[in-house]
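Observations on the model geometry
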Amino acid sequence: MPAPSSANGPSLAFEAVTKRYDGGTMAVDHVSAEIDAGSFIALVGSSGSGKSTLLKTINRLVEPSEGRVLIAGEPVASTEPHRLRRSIGYVFQNIGLFPHMTVAENIAIALRLDGERETADRVADLLDLVDLPREFAGRMPDALSGGQQQRVGVARALAARPGLMLMDEPFGALDPVTRDQLGAAFRRLHDRLGLTTIMVTHDMAEALLLADRVLVMQAGRLVADATPRALLAGEGGEEADALVAVPRAQADRLRALEGRA
Amino acid sequence: MTGPFWSAMARVPDLLASHVLLAASALLAGLAISLPLAIWSARNAHVARLSLGFASLVQTIPSLALLALFYPLLLSLSALVGGGIPALGFLPSLLALALYALLPILRNAVTGLLGLDPAIVEAADGVGMTSWQKLRLVEAPLVAPVLMAGIRTAAVWTIGAATLSTTVGQPSLGDLIFAGLQTQNWALVLAGCVAAALLALIVDALLGLIERGIKARRRWQVWTGAGLLLAGIALALAPLWPSAGGGRTVTIGAKNFSEQYILARVIGHRLEAAGYHVRYREGLGSAVIYQALASGDIDVYVDYSGTLWTNQMGHDDTPSRPEIIAGVADWARRTSSVRVLGALGFENAYAFAMRGDVAKRRHIATLADLALQAPQLTLGSDLEFLDRPEWRAVRDAYGLRFADTQRFTPSFMYRALASGRADVISAFSSDGRIAAQHLAVLRDPKGAIPGYDAILMLSPAHADDARMAAALKPLIGAIPVETMRQANYLVDRDVDKQSPDQAATWLERRLDQPIRPRPSSSITNSVSATNANITSTHIRQKAEKRRS
């Protein structure tokens, strides 16, 4: 899928997307939302709220029981899963680097699936993009730290020049410092490459600081949809307020500590 | 022991080749079945339960029994499709061993696939791999080391269990072990064991080399291991080419005791002299050997008239010896086109024997005398006698009721009698040990035991083979029981044992001499003559050793 490096990401739409499991559990309950091309969306909710399931309906790792997902007006169900996924970057908490392949082979895997042979230059560019030294190309994944591994994960997801990035708790397993650095670095990449990004997180502070727009899910339903500014102003509704209250209270307590010192 | 051991080792190369081919084929067949099954099982829990359950069930069947079960299975399958499926030899061995190889491969492959880090599988899906790409690029390389461990286990098991294929007539290193056990020739047993163990060790080491090569991603190591294995298989294939072109191969069958081994070699030597290429299938059970002949899996063997009369034909009367032979010959020709070429001249009947001193002390001379004291005595029998109709006939005719019965392999049966663990044994009348151990054979006044003339049988394909008939005719009526006893004793005795092949050569030299009729009371004399012979060879060998 050749596209210019400053590709504009596609728009996205959920139309009454529902996922019901065999036991009768509703993981996602009639979610509808329109997402503009090039926006950075945070999908926030507590564990089990259905946010990851909703995200995976986009690249068909989960097939909805009802409703549909459209990318740039095109239903995802009309493309074969493996073709669809090659046009979408996917980064998730457990990273999933292939342990038997070098960093370079991991990054180039999507290119190799498309039959490309000459991948060395592209791998070097991608390593630059995620701020890793080029000599990492020949290393094995287990020789890297967690943060470095997730940078490789991001590079792998970007290799095929996707317009759309799906990130499932991408920085959840990293230490706070690395997490903050990587979050900010990725936001810069998002802007530079003109991506459309949907990031699942349970951390409201991260969502507020990185995203243009925050969707809040609870028990499979979309309960709030607002900009970070609006959420902080208390315009997101009851459930969103409860989530925003946590980082706010922490910030207040930290300030109080500083004041005392 | 080095001399006999090295002469036993001389038989190893041919047997090793067919052992390697059998084990390799079984392992490949096992892989061909278990790998697709493992992939399917890893994707479907229901299939996993069924396939692993089946493989475990197979594993609980003793391998000897599994091999034996394939004989009737293939026989009925062959009957179903109108013949053509061999029920003995390579095919049943291959199937049984392949089934045996399933479990370790299947279990390791499924465990490996299910144990893959879910994140890696999710990543493979996430980057857009098809199911086949996921298998090839991610699952196969990651599972390979675990899978190789399973293949190693399967290979070692298969090589070990392949020794048992001797029992269904497939030549393997087991031929040495079984023949050695029957004739108490420990050099043969040792040669078979050492060769099989070395083979297993080498194969395991080469597979281990491949396994470590995969783990460490060292291609040369993988290719070296695989190359050496393939070279070994190619080498084992080599002996097949000339014989495949040679054409007229005749398979000679033998049951599992010395006399049968010796007669098979006598027949073999004659057929080789007549220009046939000869193969031996030794150690066949008395129940399967006739079927093997009728279906053409073997071409010629020696059976005993009474055995066929009672077991195959189901008679419980005991007419005269010539009547039984005529009856068997007629029945064999009518029912399965098998030809009885004739009787060899001696009888190998079941004979109840006791230690001479014990028989004298207890005043037992006949089966009727025995019946009176049986409740205080232990009967030692060979492995099958107590299940045979002959035993039921004798038991019912005399009302025999023993305090205890114990089964032994024939060699151990004679030892049990000597040591007093058994008081009476079901001996064989042509056995040299009867005279050598001074045993008293009990008379059968009611004639309850049928005649057991040794008869030469030809398969339907060779029933009209004039050249074969001409080559074997000189054996008809040519072997007196004394000569057979002496030949058997050469193999069965404990000191200065001869191989069946050597005994066969000895027997052939005797046949070339004109046969002098002897009075039947001279059994003891003729065996002590053999003993004198033994002593003289013994002395000669000692003298030779001293000289060297």
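**Points about the overall build of chain B**
- A tally of helices and strands in chain B yields 24 helices and ten strands.
- Within chain B, residue pairs in contact and separated by at least 24 positions form 76% of the contacts whose partners lie at least 6 positions apart.
- For chain B, the exposed surface amounts to about 24100 Å²; the carbon and sulfur share of it is 62%.
- With 50 positive and 41 negative side-chain charges, chain B shows a spacing of 5 Å between the two charge centroids.

**Description of the overall build of chain A**
- Summing up its helical and strand segments, chain A has ten helices and ten strands in all.
- Scaling as 2.2 N^0.38, a compact globule of 261 residues should have a C-alpha radius of gyration of about 18 Å, and chain A matches this with 19 Å.
- Taken along the three principal axes of its C-alpha coordinates, chain A extends 55 × 55 × 35 Å.
- By sequence separation, contacts in chain A at least 24 residues apart represent 68% of the contacts at least 6 residues apart.
- Entry remark: accessible area of chain A is about 12100 Å², with carbon and sulfur atoms responsible for 49%.

**Observations regarding the interface of chain A and chain B**
- Chain A puts 23 residues into the contact, and the matching count from chain B is 17 residues.
- For the pair chain A and chain B, the summed buried surface comes to about 1700 Å²; carbon and sulfur atoms form 67% of the total.
- For the chain A face of the interface with chain B, the top three residues by lost area are A:Phe98, A:His100 and A:Leu113, together amounting to 33%.
- At the boundary of chain A with chain B, the tally comes to one salt bridge.
- Between A:Lys56 and B:Glu122 there is a salt bridge, with the nearest N and O atoms lying 3.6 Å from each other.
- If you look at where chain A meets chain B, you find five residue pairs in polar contact (both at pLDDT 80 or more).
- Elements represented by at least two residues in the side of chain A that touches chain B include exactly α2 (81-86), β6 (88-92) and α4 (109-113) of chain A.

**Describing the domain arrangement of chain B**
Residues and elements named next belong to chain B.
- When the domains of chain B are assigned, the result is domain 1 (2-242), domain 2 (248-349 + 452-515) and domain 3 (350-441).
- With centres defined by C-alpha atoms, the gap from domain 2 to domain 3 works out at 26 Å.
- Between domain 2 and domain 3, the residue contacts involve 18 residues of the former and 15 residues of the latter.
- One can count one salt bridge joining domain 2 with domain 3.
- Across the pair Arg433 and Asp492 runs a salt bridge, and its minimum N-O distance is 3.3 Å.
- Run the count over domain 2 and domain 3 and you get twelve residue pairs in polar contact (both at pLDDT 80 or more).
- Per-element accounting of the side of domain 2 that touches domain 3 gives the leading share, six residues, to helix α22 (residues 481-492).

**Digging into the pairing of strand β2 (residues 277-281) of chain B**
Residues and elements named next belong to chain B.
- Taken together, the five bridges between strand β1 (residues 249-253) and β2 define a ladder with parallel strand orientation. Across the sheet, Thr251 pairs through a bridge with Arg279, a residue of β2.
- In terms of handedness, the path from β1 via helix α12 (residues 258-273) over to β2 forms a crossover that is right-handed.

**Here's the deal with a nonpolar patch on the surface**
- Residues B:Leu190, B:Val194, B:Leu198, B:Leu201 and B:Ile202 make up a contiguous nonpolar surface patch of about 440 Å² in total accessible area.
- Here B:Leu201 is to be found in helix α9 (residues 186-215).

**With respect to the pattern of salt bridges**
Residue and element names in this part refer to chain B.
- Applying the stated criterion across every chain, the model contains 33 salt bridges over all chains.
- Across the pair Arg334 and Asp330 runs a salt bridge whose closest N-O atoms are separated by 3.4 Å. Residue Arg334 and its partner Asp330 are located together in helix α15 (residues 321-336), separated by four residues, close to a single helical turn.
- The network of salt bridges with common partners includes Arg152, Asp204, Glu211 and Lys215.

**Details of the sheet that holds strand β2 (residues 26-35) of chain A**
All names here are of chain A.
- The strand order across the open sheet built from four strands is β2-β1-β4-β5, with neighbouring strands paired in antiparallel fashion. One side of each edge strand has no neighbouring strand; the edge strands of this open sheet are β2 and β5 (74-75).
- Across five bridges, strand β1 (residues 12-20) lies against strand β4 (residues 66-71) in antiparallel orientation. Within β4, the residue paired with Phe14 across the bridge is Val69.
- Seen against the sheet, helix α1 (residues 51-58) touches β1, β2 and β4 and runs at an angle of roughly 120° to β1.

**Considering the packing of α22(B) against helix α23 (residues 500-512) of chain B**
Residues and elements named next belong to chain B.
- The N-to-C vectors of α22 and α23 enclose an angle of 155°; their axes lie 9 Å apart at closest approach. Classified by the interaxial angle, the pair formed by α22 and α23 is roughly antiparallel. Pair α22 / α23 crosses with right-handed handedness. Contact residues: Thr483, Met484, Gln486, Ala487, Leu490 and Val491 in α22; Pro500, Ala503, Trp506, Leu507 and Arg510 in α23.
- The class makeup of the residues in the contact of α22 with α23 is eight nonpolar, two polar and one charged.

**Topic: the sheet that holds strand β9 (residues 439-441) of chain B**
Residues and elements named next belong to chain B.
- Strand order in the open sheet made by the five strands is β7-β6-β8-β5-β9, with mixed pairing throughout. Here the strands that pair on one side only, and so sit at the sheet edges, are β7 (404-407) and β9. Averaged over all pairs of adjacent strands, the angle between their axes in this sheet comes to 35°, without regard to strand direction.
- Along the sheet face, helix α19 (residues 410-419) touches β5 (350-355), β6 (378-381), β8 (424-428) and β9 and points at about 140° away from the line of β8.

Definitions and limits used
- Residues numbered from 1 in each chain as written.
- Chains lettered and ligands numbered in written order.
- Predicted model: local features only at pLDDT ≥ 70, side-chain atom pairs only at ≥ 80, totals over all residues.
- Heavy atoms only, no water.
- Helix = DSSP H or I, 4+ residues; strand = E, 2+ residues; numbered from the N terminus.
- Contact = heavy atoms within 4.5 Å.
- Areas by Shrake-Rupley, 256 points an atom, 1.4 Å probe, with all protein chains shown as cover.
- Lys, Arg positive; Asp, Glu negative; His and termini not counted.
- Charge placed at Lys NZ, Arg CZ, Asp CG, Glu CD.
- Rg over C-alpha atoms; globule rule 2.2 N^0.38 Å.
- Buried area = accessible area lost by both parts, 1.4 Å probe.
- Salt bridge = Lys/Arg side-chain N within 4 Å of Asp/Glu carboxyl O.
- Polar contact = N/O pair within 3.5 Å; in protein donor to acceptor, adjacent residues only side chain to side chain.
- Domains from an automatic or database assignment.
- Pairing = 2+ DSSP bridges.
- Right-handed = clockwise from strand over helix to strand, strands pointing away.
- Patch = residues over 30% accessible without salt bridge, like charges linked within 9 Å, V, L, I, M, F, W, Y side chains within 5 Å.
- Axes fitted to C-alpha atoms, helices over the stretch in contact; angles between N-to-C directions.
- Parallel < 35°, antiparallel > 145°, perpendicular 65-115°, else oblique.
- Left-handed = near helix turned anticlockwise from the far one by under 90°.
- Nonpolar A, V, L, I, M, F, W, Y, C, P; charged D, E, K, R; others polar.

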